[in-house]
Every structure is written in C-alpha cells, then in structure tokens.
Amino acid sequence: MSQNTKNNTASSIITAMFRKQIFIPLAALLILALFNFIMDPSFFKITLGHNSNGDPLLSGNIISIIDYGSELAILAVGMTLVTAASRGQDISVGAAIAISGSVVLRVLCGTNSRPDELQAPIIVAFIISCFVAMACGAFNGVLVSVFKIQPMVATLILFTAGRSIAAWINNNELPVVTDSTFSVFGGYIPGIPIPTPFFIALACFVVIFLVLKFTTLGLYVQSVGINEETSRLNGLNPALIKFITYVILGLCVAVAGLIKVSRISSINYSVVAKDIEMDAILAVALGGNALGGGKFNISASILGAYVIQFLTTTLYKFQVQSDALPAYKAVVVILLVVLSAPIVREKIAALFRKLRPARAEQNG
Amino acid sequence: MQEKSLLEMRGIYKSFPGVKALRNVDFTLREGEIHALMGENGAGKSTLIKVLTGVHVKDGGDIFIKGHGGAVQIRSPQEAQNLGISTVYQEISLCPNLSVAENIFIGRGKGPAVNWREMNKKAGELLDSLGIAVKPNQQLASCSIAVQQMVAIARAVDMECSVLILDEPTSSLDESEVEKLFGLMRDLKKRGVGIIFVTHFLDQVYEVCDRITVLRDGQLVGEYEIEKLPRVQLVSKMLGKELDDMADIKNDIPQYDEARNKIVYEAENLCSSEGIKPFNFRIRKGEVNGFTGLLGSGRSECVRAIFGADKVTSGKVWVDGKQVKINKPIDAMKHGIAYLAEDRKRDGIVGDLSVRDNIILALQVKKGFFRPFSKAQATKFADEYIKLLDIKTASVNTPIKSLSGGNQQKVILGRWLLTHPNYLILDEPTRGIDVGTKVDIQKLVLKLASEGMSITFISSETDEMLRTCSRLLVMRDRKLVGELKGDQLTQNTIMNTIAGGEQK
C-alpha cells in the first residue's frame with residue numbers, strides 16, 4: 001500500500017514537473033551534461049592557473065560556458081519581453097550590438113583609431129552606447145507598436161542596415177583600444193579568477209528580477225501579449241508597453257555590445273555577434289516561452305541561453321569544425337524543440353499517466 | 001413543391017454539442033421576392049443560412065430547389081453554388097488587390113489560359129446591365145464598400161444564381177449607398193431572382209422586403225407578408241413576448257426618487273467614431289438604468305462612448321458635477337467608472353493569465369506601474385471576490401480560460417467591483433451563462449445600487465431589464481429615441497418604442 005502511494009506521488013511529481021515551464025531547458029541541460037559525463041568526464045574539469053601578470057584565473061569548459069554564454073543570456077532577457085508583448089521577435093540585435101560596440105570604440109578612441117590613451121572615460125562611452133542602442137530599440141518599437149508592422153519585418157530594416165551603420169560610425173576604420181582597463185569587461189578583474197562577463201550577466205539578471213518584482217511590467221507585458229483589446233479596456237496603453245519592451249531590449253544590446261568589444265578591445269563589423277539574434281530567439285523558445293507571445297518565464301529563457309552555449313562548447317570539444325557547427329546545432333535544436341512542443345509534452349505526460357495505473361496494479 | 005417557389009426548406013434540424021440550433025424550421029423563397037429573415041441573436045438565422053450554403057450539413061429535413069427534382073443534398077459551399085445559391089456576406093469575401101473583372105471571374109475559368117480582353121468585355125457588359133458604375137479594370141480596393149458589395153452580387157448573378165443570400169449587407173454602408181444597393185436588389189427581383197435578406201435594420205426591411213420569416217430560439221415563429229405584419233408585431237415576435245402579457249411582470253424595484261440624489265455622471269451630445277448619433281445621458285447615485293434596443297441598435301456603442309472605449313469624437317462630460325475629459329478607458333477608470341464589455345472573450349478575459357491576475361488587473365493598472373500588489377495581497381483580493389461572487393475555480397492560479405463562461409464572467413465582474421467604482425456599466429453581463437448565475441447577477445446589481453452605486457445595465461432580455469432598471473433608454477438604428485420610466489416600464493411600451501415608425 002505504502003509502496004503504491006509512493007509510486008503515485010512520484011509519478012504525479014514527474015507529471016507536474018513536465019508541466020513546469022523550466023523543465024524543458026533543465027532537462028536539456030541535464031541530458032547534455034550526462035552525455036558529456038559519459039563521453040569524457042574531464043569535460044567538467046576546472047583548473048586554476050595564472051596569467052602573465054600572476055593573477056589567478058580559472059579555466060575549463062564550464063568556465064567558458066558561463067563566460068561566453070553571458071551576452072546571449074543578457075539578450076535572452078530582453079528578447080523574452082519583446083516576444084511576450086509584441087508576439088514577434090527582434091532580429092536586429094546582432095546588428096544593433098555592432099552599432100553599440102562601434103559607438104563605445106568611437107567615444108573611447110575619438111578621431112584617432114589607435115590612441116595611446118582613452119579619449120573619454122569608459123563609463124561615458126558605455127552610457128552613450130546605451131542611449132544609441134535604446135534609440136535602435138525605440139526605432140524598432142515605434143515601427144512595431146505605432147505602425148503595427150510585424151516585428152520580424154520591422155526589425156529586418158536594422159538587421160540589414162545595422163552593420164553598415166556600425167562601420168560608418170568609425171569611418172570604416174578598426175579602432176583598437178590599448179588601455180588594459182577596458183579589457184576587464186570581457187576578461188578578468190585582476191585578482192578574481194572568474195570571468196567578468198559572468199558577473200555582468202548576473203547583475204543584469206538581478207536588475208530585471210528587481211524590475212519585475214517592484215513594477216507591474218510582467219503583468220502588463222503578459223496581458224498585452226495575450227489580449228490587447230482587453231488590456232486597452234483595462235486602462236493599459238498596449239502600444240506603449242510594446243515600445244518599452246523594445247527599449248529594454250536595446251539596453252540589453254548595449255551591455256552585450258560592451259562585453260563583445262571589450263573581449264577583443266576592437267571590433268569586426270561583419271562578424272561581431274553574428275547570428276546571435278537566432279540564438280537569442282532560440283533561447284526564448286528553449287525556455288518554453290511561446291513565440292506567439294503571452295506568458296513568459298525569464299529564468300527559463302536565461303537557462304535556455306546557457307544550454308545553447310553548453311551545446312556549442314560541447315561541439316567544439318568534440319572537434320566539430322566551426323563551419324560544420326551550425327549543422328550539428330540544427331540537429332540538436334530540432335530534437336529539443338520537438339520535445340518541448342506542447343503536443344509532444346502532452347503525449348509524454350499521458351504516457352506517464354498510463355504507466356501509473358499499470359504499475360499500481362502490479363504492486364496491488 | 002409549390003408552383004412559384006424557388007427554394008423550400010422543410011423541417012430542418014441542426015444541433016451542435018449542447019445546443020439545438022434549429023428545430024423543425026420551414027422556409028420558402030418564391031421567384032422574384034425579397035424575403036427578410038429576422039430574429040434576435042441566437043435565433044438560428046445564421047445557422048439556417050449556413051445549412052443552405054453548405055457550411056453546415058443539416059441533421060434532418062429536406063431542401064427542394066426549383067429545377068432539381070426531389071430533395072437535394074447540400075454538403076459543401078461548392079454544391080450550394082452549383083445549385084444556384086450564392087451568398088454575399090457582410091465582410092466582403094473578394095480579393096481587394098485584384099481588378100473588378102478578375103474578381104467577377106476568379107476561379108471560374110476553363111483551362112490554364114486567360115483571355116483578358118474577353119474577360120474585361122464580359123465584365124463590362126455585366127456591370128452595365130446591372131447599372132453598377134465601375135470600370136472592369138479598376139482595382140477592387142479602390143472602390144467603395146458599397147460598390148465592392150455590388151461587385152460581389154454581380155459575380156453571384158453572373159454565376160446564374162437563382163437564390164441570392166445577403167447577410168447583413170448594409171451594416172457598413174451609408175444611406176445613399178444603401179439606396180443604390182436596394183435599387184440593384186429591386187432590379188434583380190424583376191429578373192426573378194429570389195433574395196434572402198438578413199438585417200437588423202427594421203426600416204430597411206419595411207422598405208425593400210415582400211415577406212418576413214421570423215425565427216426565435218431555433219424555431220420557426222412564422223412567415224408573414226410585409227403588409228400584414230406591423231412593426232410592433234414583428235418586434236414582439238422576435239422577442240417572443242405577446243403584446244398583452246405585460247401584466248405578469250412584477251415590478252418590485254423601489255420607485256427611484258429622481259430629485260433626491262446627486263448626478264454621478266452626465267454627458268451632453270456625446271458621440272463616438274462608431275456611428276452613433278450624439279446623445280445625452282445622465283445617471284444619479286444609486287440609480288439603475290439601462291439601454292435597450294435590438295441588436296445593432298447602438299446600445300453597446302453608447303456605453304463604450306461613455307467609458308472611452310471607442311474614439312470619442314464630440315460631447316461634454318461631467319462626473320460628480322465637474323466637467324472632465326474621458327478619451328481613453330484609463331480616464332474613465334480614474335473617475336470611478338467601470339465597464340464590463342459585451343464580448344467576454346475578446347474584450348473581457350486575458351485567457352492565459354490566472355484568475356488572480358485577471359481579478360486584480362484593472363485595480364493594478366489604476367494603482368500604477370511602480371506600485372505592484374504583492375502576491376499575498378493579490379491572492380487576498382482574489383479570494384475575497386471568489387467567495388463573494390461564488391466563483392467556481394480550482395484555485396487562484398487556474399488560467400481563466402479553463403473556467404466556464406459564467407464563472408469567467410464573475411471573475412471579470414469581480415475585477416471591476418474590486419476597483420470600487422461609483423458608476424458601473426454592465427453590457428450583457430448575463431449572456432451565455434446559466435440561469436442561476438443570471439439571477440445572482442441581477443440580485444447583485446440591485447444590492448450594489450442600494451449601497452449607492454450607479455449602474456447601467458444592458459441586456460437582450462427585456463425581462464431582465466424590467467426587473468433591475470428604474471429607467472430605460474431606448475435605441476433604434478443607432479439613435480436614442482426614447483426614455484421610459486415608472487409606469488411606462490412595460491413590455492408593450494418598450495416594444496412600441498423599439499419598433500418606432502408606424503406603431504400608431
């Protein structure tokens with residue numbers, strides 16, 4: 001009897017877990033981890049080393065995942081809000097990162113593309129790039145919310161033009177920042193062995209969770225995404241809410257842009273943050289958020305972003321050539337997305353329900 | 001089958017899960033007549049039309065069509081078309097980006113090639129013969145809605161239809177366009193086409209139709225010649241109230257003392273973008289009044305204008321004696337007005353959100369962006385109204401879309417009550433919900449009014465309004481045409497006022 005109840009509770013926990021949104025990215029992460037553990041346990045090895053200045057730093061696959069997944073995770077936050085409110089995605093984030101990164105370098109380097117010292121404080125450069133990236137977001141936001149253009153079409157404009165604009169900002173030169181303090185944002189803070197991007201991402205998560213806790217943004221965004229007309233009749237301004245989500249995504253873009261240019265202390269207009277928009281959208285989808293808008297779960301999206309980075313790192317580890325990488329990624333993505341489709345989850349949940357009485361009979 | 005009839009439907013049955021949409025309905029259409037199909041919402045008009053056009057397949061009964069021998073089977077729109085039945089819907093179902101001629105001939109060509117010149121020529125002849133002033137090569141989208149509708153009719157005529165169904169064709173036309181359409185209809189009538197005309201404009205029925213068939217609750221009320229059915233009779237048949245059975249309505253609303261209470265809301269020449277004529281309106285503290293009229297008479301548009309739900313185009317508004325501007329819903333909410341919309345699914349619920357979020361939504365918006373309710377506080381509010389309104393839900397976390405219609409309605413009602421409005425507008429709060437809940441809502445309305453809330457109550461069911469309202473404003477054809485109170489609040493006077501026109 002007790003066995004029976006235990007089984008029932010166990011399987012009902014499993015069924016409940018299947019329904020939880022965060023289950024999908026979590027399961028994907030576990031599967032990936034398990035796969036790596038079986039293939040090569042040394043995947044998880046973290047070693048403590050020192051750089052040329054004698055500062056301690058950690059290295060290993062896990063460290064590189066939390067390092068290189070940062071930009072994606074930050075973007076996933078904004079993309080989740082945009083998706084939920086405007087029922088569509090912003091595909092211009094990669095190009096916008098190029099613009100915002102280019103602005104940072106332009107302010108830091110001034111007219112000279114290789115100055116010996118910084119022409120402006122980094123914080124000033126960052127704040128200006130924030131405004132520029134938010135303006136890009138606002139541009140998209142106006143097209144989507146006021147002119148009611150489909151998000152993907154509206155953001156296609158900046159997607160196409162963005163990298164040219166980025167190059168134009170620096171007269172098509174490739175400025176290089178020689179000051180070592182600038183490389184901190186994409187590297188390490190002296191004395192701290194964990195990469196800085198991870199802390200920046202963490203700070204972003206904290207900020208967004210505080211915003212969601214101390215404002216009604218979450219409720220409004222979901223309400224507008226689910227039923228615009230009802231939201232309007234309840235006193236909301238749906239256009240404004242959608243617009244705000246695009247501006248927030250712009251802010252995320254600025255942060256990601258700073259990390260990107262800090263990593264190499266320079267910029268390559270055509271490859272910086274290339275295809276990151278697709279990964280960001282994928283992170284939202286992997287997090288179990290409906291790409292058709294409505295309810296959202298930011299934690300699940302963030303986890304989704306790290307899963308994608310985990311996957312990329314795993315593929316590198318197995319020495320998949322970098323030009324073959326997308327093909328492998330696609331296969332895994334198909335699997336993950338099909339598994340996370342509601343119709344499949346429902347089937348799996350039903351399967352568990354079917355197993356339960358069978359097991360109960362055997363025990364009884 | 002009778003000599004002159006084009007179409008006969010005998011004993012038609014159709015049910016949907018849980019609803020008997022049509023029960024033993026007969027319908028006859030004769031050559032060269034315009035036949036109005038009348039009935040309130042849910043009477044079965046559209047189901048009957050859909051059975052005839054093959055959208056729904058009938059469960060029982062026979063359909064006869066002239067020239068097709070015995071009973072025919074209509075299993076798809078294609079089959080209906082082949083039998084000569086054509087429909088022009090309220091929403092134009094043509095391709096706006098194609099030319100007029102292309103629209104007339106689309107999907108009817110034989111073989112892969114198109115002879116453009118031939119097509120344009122034939123279209124031109126057809127349009128000329130029907131007196132429709134439009135060039136065949138003009139893009140359809142550049143024509144007025146009326147012309148588009150006429151092109152749709154021309155297409156139907158050219159496909160040799162003998163039965164033409166016009167489903168609410170006039171609702172988006174202005175008066176001169178309606179005249180043009182009527183001219184075309186009369187012309188077709190002379191050619192022997194039988195026209196089924198579905199509309200909610202009484203004036204138009206009496207202007208153009210020869211016969212009326214009235215449906216109510218899925219059953220046939222009767223078929224009448226237009227001269228023999230005065231308007232007020234028609235309204236009484238549609239609503240299902242005999243003219244003399246007014247005595248049985250017990251009027252237990254306490255007589256509302258007009259002068260004693262202050263005016264909560266007043267509007268002068270209020271007008272919105274939705275085509276209602278400017279109207280004056282006021283409501284006092286603790287008063288329950290209502291807008292009545294047939295469907296489409298503009299009663300919802302009036303309250304939407306009050307709440308600022310549609311674009312307000314003119315008029316002055318006073319709340320508690322102070323002149324204010326109400327342009328958007330949030331303005332109205334800030335002045336203590338709440339509005340429960342007619343279309344619950346489109347304008348009421350936020351489907352995927354929980355019952356709790358749905359209840360607190362309006363109050364939260366009123367309170368402001370930077371002052372969110374804690375989850376505990378929100379749950380407390382939700383629990384309070386779940387208990388007060390006896391909402392049946394598994395928990396406060398249940399998505400509202402999984403609740404039954406009546407319980408969804410209670411959640412929305414709870415949402416507005418939570419904002420503690422001074423003036424509550426309820427547009428069809430009892431539509432599509434079970435009788436028990438209906439009575440609950442009526443009782444609640446009277447209780448809230450006795451506590452000092454002003455309420456405007458709209459319902460398609462006149463009984464319900466008589467039970468709750470102390471004053472009724474009557475709408476006809478988007479115009480406020482009368483105000484009834486005290487002894488005038490009887491089925492008879494209401495129906496007379498709704499019908500208007502020649503009732504004397």
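Residues numbered from 1 in each chain as written. Chains lettered and ligands numbered in written order. Predicted model: local features only at pLDDT ≥ 70, side-chain atom pairs only at ≥ 80, totals over all residues.

Quick notes on the overall build of chain B
Applicable threshold: Secondary structure elements follow DSSP: runs of H or I of four or more residues count as helices, runs of E of two or more count as strands, with numbering from the N terminus. Every radius of gyration here is taken over C-alpha atoms, with the globule rule written as 2.2 Å times N^0.38, N being the number of residues. Three exposure classes are used, all based on how many other C-beta atoms lie within 10 Å of a residue's own C-beta (placed from the backbone): buried at 20 or more, exposed at 12 or fewer, and partly exposed between those limits. With C-beta atoms placed from the backbone, a contact is any residue pair whose C-beta atoms sit within 7 Å.
Scanning chain B from terminus to terminus reveals 17 helices and 19 strands. Since a compact globule built from 504 residues should have a radius of gyration of about 23 Å, the 25 Å found for chain B is in line with a globular shape. In terms of overall dimensions, chain B has a C-alpha envelope of 70 × 55 × 45 Å along the principal axes. The proportion of buried residues among the 504 residues of chain B is 47%. Contacts in chain B between residues at least 24 apart in sequence constitute 68% of all its contacts with a sequence separation of at least 6.

Looking at the overall build of chain A
The helix and strand inventory of chain A stands at 15 helices and two strands. On the principal axes, the C-alpha backbone points of chain A span a range of 80 × 60 × 40 Å. Out of the 364 residues belonging to chain A, those deemed buried represent 45%.

Concerning the sheet that holds strand β18 (residues 471–476) of chain B
Where strands meet in a sheet, backbone hydrogen bonds hold them as pairs that are either parallel or antiparallel. Residue and element names in this part refer to chain B. The condition that has to hold: Paired strands, as defined in this entry, are two strands with at least two bridges between them according to DSSP. Between N-to-C directions, angles cover 0 to 180 degrees, with each direction set by a line fitted to C-alpha atoms, over the stretch in contact for helices.
As summarised here, the arrangement of the six strands in space is β15-β16-β17-β12-β18-β19, forming an open sheet in which the pairing is mixed. Of all the strands in the sheet, the pair left with one neighbour each is β15 (337–340) and β19 (479–485). Taken pair by pair, the neighbouring strands of this sheet meet at an average axis angle of 15°, ignoring direction. Strand direction decides the pairing type here: strand β12 (residues 288–292) and β18, joined by four bridges, are parallel. Counted as the bridge partner of Gly 290 is Leu 472 from β18. In this fold helix α9 (residues 299–307) packs onto β12, β15, β16 (423–427), β17 (454–458) and β18, with an angle of close to 150° to the strand it touches most, β16.

Considering the interface of chain A and chain B
What counts is decided by this rule: Amino acids outside the nonpolar list (Ala, Val, Leu, Ile, Met, Phe, Trp, Tyr, Cys, Pro) and the charged list (Asp, Glu, Lys, Arg) are all regarded as polar, and Gly is one of them.
Contacts between chain A and chain B engage 17 residues on the former and 23 residues on the latter. Elements that contribute at least two residues to the side of chain A that touches chain B include exactly α9 (217–226) and α10 (228–233) of chain A. For the side of chain A that touches chain B, the residue count by class is five nonpolar, nine polar and three charged.

Considering the domain arrangement of chain B
Residues and elements named next belong to chain B. The criterion, for reference: An automatic or database domain assignment supplies the residue ranges for each domain.
Along its sequence, chain B is carved into domain 1 (5–229) and domain 2 (267–499). A straight line from the C-alpha centre of domain 1 to that of domain 2 covers 36 Å. Counting from both sides, the interface comprises seven residues of domain 1 and, opposite them, six residues of domain 2. Here the residues of the side of domain 1 that touches domain 2 are counted per class, giving two nonpolar, three polar and two charged.

Details of the sheet that holds strand β10 (residues 263–272) of chain B
All names here are of chain B. Read from one edge to the other, the open sheet built from four strands follows the order β11-β10-β13-β14, with strand pairing classed as antiparallel. Of all strands in the sheet, those bounded by a partner on one side alone are β11 (279–284) and β14 (322–324). Each strand axis lies, on average, 15° off the axis of its neighbour in the sheet, ignoring direction. Sheet analysis places β10 next to strand β13 (residues 312–319), joined by six bridges and oriented antiparallel. Paired with Cys 271 across the two strands is Ser 314, which belongs to β13. Its contacts with the sheet put α9 on β10, β11 and β13, and the angle it makes with β10 is roughly 110°.

A short note on helix α4 (residues 116–130) of chain B
Put simply, the rule reads: The span one expects for a helix is its residue count, reduced by one, times 1.5 Å.
Taking 1.5 Å as the rise per residue, α4(B) with 15 residues should run 21 Å; its terminal C-alpha atoms sit 21 Å apart, in good agreement. Trailing α4(B) by a residue or two, Gly131(B) shows a phi angle of about 70°, which is positive.

Digging into unusual backbone geometry
The backbone phi angle of Arg87(A) is positive, close to 55°, even though this residue is not glycine. Position of Arg87(A) relative to the elements: it lies in the loop between α4 (70–86) and α5 (93–109). Within the chain, Asp477(B) stands out as a residue other than glycine whose phi angle is a positive 45°. Of note, Asp477(B) is situated in the loop between β18 and β19.

With respect to the nonpolar core
Spelled out, the test is: In this usage, the nonpolar core is the set of buried Ala, Val, Leu, Ile, Met, Phe, Trp, Tyr and Cys residues whose C-beta atoms join them within 7 Å.
Counting 243 residues, the largest nonpolar core has Leu75(A) and Ala76(A) as the members making the most contacts within it. The greatest single-element share of this core, amounting to 15 residues, is contributed by helix α11 (residues 238–264) of chain A. Each of domain 1 (5–229) and domain 2 (267–499) of chain B contributes no fewer than three residues to this core. Residues in contact with Leu75(A), not counting those within four places in the same chain, are Val93(A), Cys252(A), Val253(A), Ala256(A), Ile276(A) and Ala280(A).

Regarding the pairing of β15(B)
All names here are of chain B. Covered by surrounding structure in β15 are Ile 337 and Tyr 339 together with Ala 338 and Leu 340, the residues of both alternating faces. Two strands pair when backbone bridges link them, and β15 and β16 are joined in this way by four bridges, in the parallel orientation. The partner of Leu 340 across the bridge, within β16, is Leu 426.

Digging into the pairing of β18(B)
All names here are of chain B. The element β18 is largely enclosed, with a buried count of six among its six residues. Here β18 shows two buried faces, one formed by Arg 471, Leu 473 and Met 475 and the other by Leu 472, Val 474 and Arg 476. Summarising the sheet, β18 and β19 pair through six bridges and their orientation is antiparallel. Note that in β19 the partner of Leu 473 across the bridge is Glu 483. Here β18 folds back onto β19, and the loop between the two strands holds two residues, one of which, Asp 477, carries a positive phi near 45°.

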